[in-house]
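The chain contents come next:
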Amino acid sequence: MPTTEEVNLWIAENVLDTEAWDKKPLKQPLAVKQAERNLARWYPAVILTVEIAALQSIWEMQGLDPALKFQKHGVKSVDDHGEGVTYSGIRDVVAPDVRDLLGKTASEIAEEEAEEGGTDLQYGGCLI
């Protein structure tokens, strides 16, 4: 597992927009830990590199933005005294760059395989 220092160095050397990461340095170790935990669940067969952990850690830190929290919970629009924001959909939990590198998550693949599996249902060890 990459350390916070390794992630921080990778971000400093490879990422142009580091505002979300730099804004809350005390939250950085927690963001790395959360990214590792989530990535291990979503991509159990993938070896976690510093690059992947860094990209997801930034995404986790960006998710602290109140507007993104609304979007995560499915809020379609927010209005404050005539000023409104409309969201296009729910924010993906996987960072876009991580998804580009790793593709679908294990649960997404399992769901697709279940849909393609037809009507055979397994119950109690027997096909019915």
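Scroll up a little and you will see the structure.
Presented here is a report on the structure given in the accompanying data block. Residue positions are given per chain, counted from 1 along the sequence in the order it is written. Given that this is a predicted model, residues contribute local features only at a pLDDT of at least 70 and side-chain atom pairs are listed and counted only at 80 or more, while totals for whole chains, interfaces and linings are drawn from all residues. Only hydrogens and water are set aside; all other atoms, that is, all heavy atoms of the structure, feed into the side-chain values.

### Side note on the overall build of the protein chain
- Scanning the protein chain from N- to C-terminus turns up seven helices and four strands.
- Mapped in sequence order, the helices and strands of the protein chain form the string α-α-α-α-α-β-β-α-α-β-β.
- Counting the 128 residues in the protein chain, one finds 29% classified as buried.
- Two residues qualify as a contact provided that any one of their heavy atoms is within 4.5 Å of a heavy atom in the partner residue. Long-range pairs, those at least 24 residues apart, make up 58% of the contacts in the protein chain between residues at least 6 apart in sequence. For the purposes of this entry, the term helix denotes a DSSP run of H or I that reaches at least four residues, the term strand denotes a run of E that reaches at least two, and both are numbered from the N terminus. For each residue, the accessible area found with a 1.4 Å probe, counting protein chains only, is set against the maximum for its type, and the residue is called buried under 20%, exposed over 50%, and partly exposed in between.

### Some words on the packing of helix H3 (residues 28-42) against helix H4 (residues 50-62)
- Lines fitted to C-alpha atoms define the axes here, with helix axes fitted over just the stretch in contact, and angles between the N-to-C directions of these axes take values from 0 to 180 degrees. At a closest axis distance of 8 Å, the pairing of H3 and H4 adopts a crossing angle of 115°. Considered as vectors, H3 and H4 are oriented roughly perpendicular to each other. With respect to the hand of their crossing, H3 and H4 are arranged in right-handed fashion. Listed contacts from H4 to Gln28, Ala31, Val32, Gln34, Ala35, Asn38, Leu39 and Trp42 of H3 are Ile52, Ala53, Gln56, Ser57, Glu60 and Met61. Roughly parallel here means an angle under 35 degrees, roughly antiparallel means over 145, roughly perpendicular means 65 to 115, and every remaining angle is called oblique. Crossings are classed by handedness, with left-handed meaning an anticlockwise turn of the near helix from the far one by less than a right angle and right-handed meaning a clockwise turn.

### Things to note about the pattern of salt bridges
- Each reported salt bridge corresponds to a side-chain nitrogen of Lys or Arg within 4 Å of a carboxyl oxygen of Asp or Glu. Inspection of every chain in the model, using the stated rule, returns three salt bridges.
- In this structure, Glu108 engages Arg99 in a salt bridge whose closest nitrogen and oxygen atoms are separated by 2.9 Å.
- A salt bridge links Glu112 to Lys104; its shortest N-O distance comes to 2.6 Å.
- Given the relative accessible area of 31%, Glu112 is considered partly exposed.

### Looking at a negative patch on the surface
- Side chains of Glu111, Glu113, Glu115 and Glu116 sit close together on the surface and give a patch of like negative charge.
- Relative to the elements of secondary structure, Glu115 occurs in helix H7 (residues 106-116).
- A relative accessible area of 66% places Glu115 in the exposed class. Patch definition: residues above 30% relative accessible area lacking any salt bridge, with like charges linked at up to 9 Å and the nonpolar side chains Val, Leu, Ile, Met, Phe, Trp and Tyr linked at up to 5 Å. All accessibility values rest on the Shrake-Rupley procedure with a 1.4 Å probe; residue burial counts only the protein chains present in the view. For the charge count, each Lys or Arg is scored as positive and each Asp or Glu as negative, with His and the chain ends excluded. We put the charge of a Lys on NZ, of an Arg on CZ, of an Asp on CG and of a Glu on CD.

### Digging into the nonpolar core
- Grouping buried Ala, Val, Leu, Ile, Met, Phe, Trp, Tyr and Cys residues that are joined through side-chain atoms within 4.5 Å yields what is termed a nonpolar core. Ranked by size, the top nonpolar core spans 22 residues in total, and within it Val7, Trp10, Ile11, Trp21, Leu39, Tyr43 and Val98 carry the most contacts.
- Counting residues per element, the ones that place at least two in this core are helix H1 (4-14), helix H2 (19-23), H3 and H4.
- In terms of residue count, H4 provides more of this core than any other element does, seven residues in total.
- With sequence-adjacent residues up to four places away left out, Trp21 is seen in contact with Val7, Asn8, Ile11, Gln28, Ala31, Val32, Ser57, Ile58 and Met61.

### Some words on H3
- To estimate the expected span of a helix, count its residues, drop one, and scale the result by 1.5 Å. The terminal C-alpha atoms of H3, which comprises 15 residues, lie 21 Å apart, in line with the 21 Å expected from a rise of 1.5 Å per residue.
- Residues Gln28, Ala31, Val32, Ala35, Glu36, Asn38, Leu39 and Trp42 constitute the buried set of H3.
- On its buried face, H3 is in contact with H1, H2, H4, helix H6 (96-102) and H7.

### A few points about the packing of H1 against H3
- For the pair H1 and H3, the least separation of the axes is 9 Å and the interaxial angle reads 95°. One way to sum up the angle between H1 and H3 is to call them roughly perpendicular. Contact residues: Thr4, Val7 and Asn8 in H1; Gln28, Pro29 and Val32 in H3.
- Looking at the contact of H1 with H3, its residues break down into three nonpolar, three polar and no charged. Under the scheme applied here, ten amino acids are nonpolar (Ala, Val, Leu, Ile, Met, Phe, Trp, Tyr, Cys and Pro), four are charged (Asp, Glu, Lys and Arg), and all others, including Gly, are polar.

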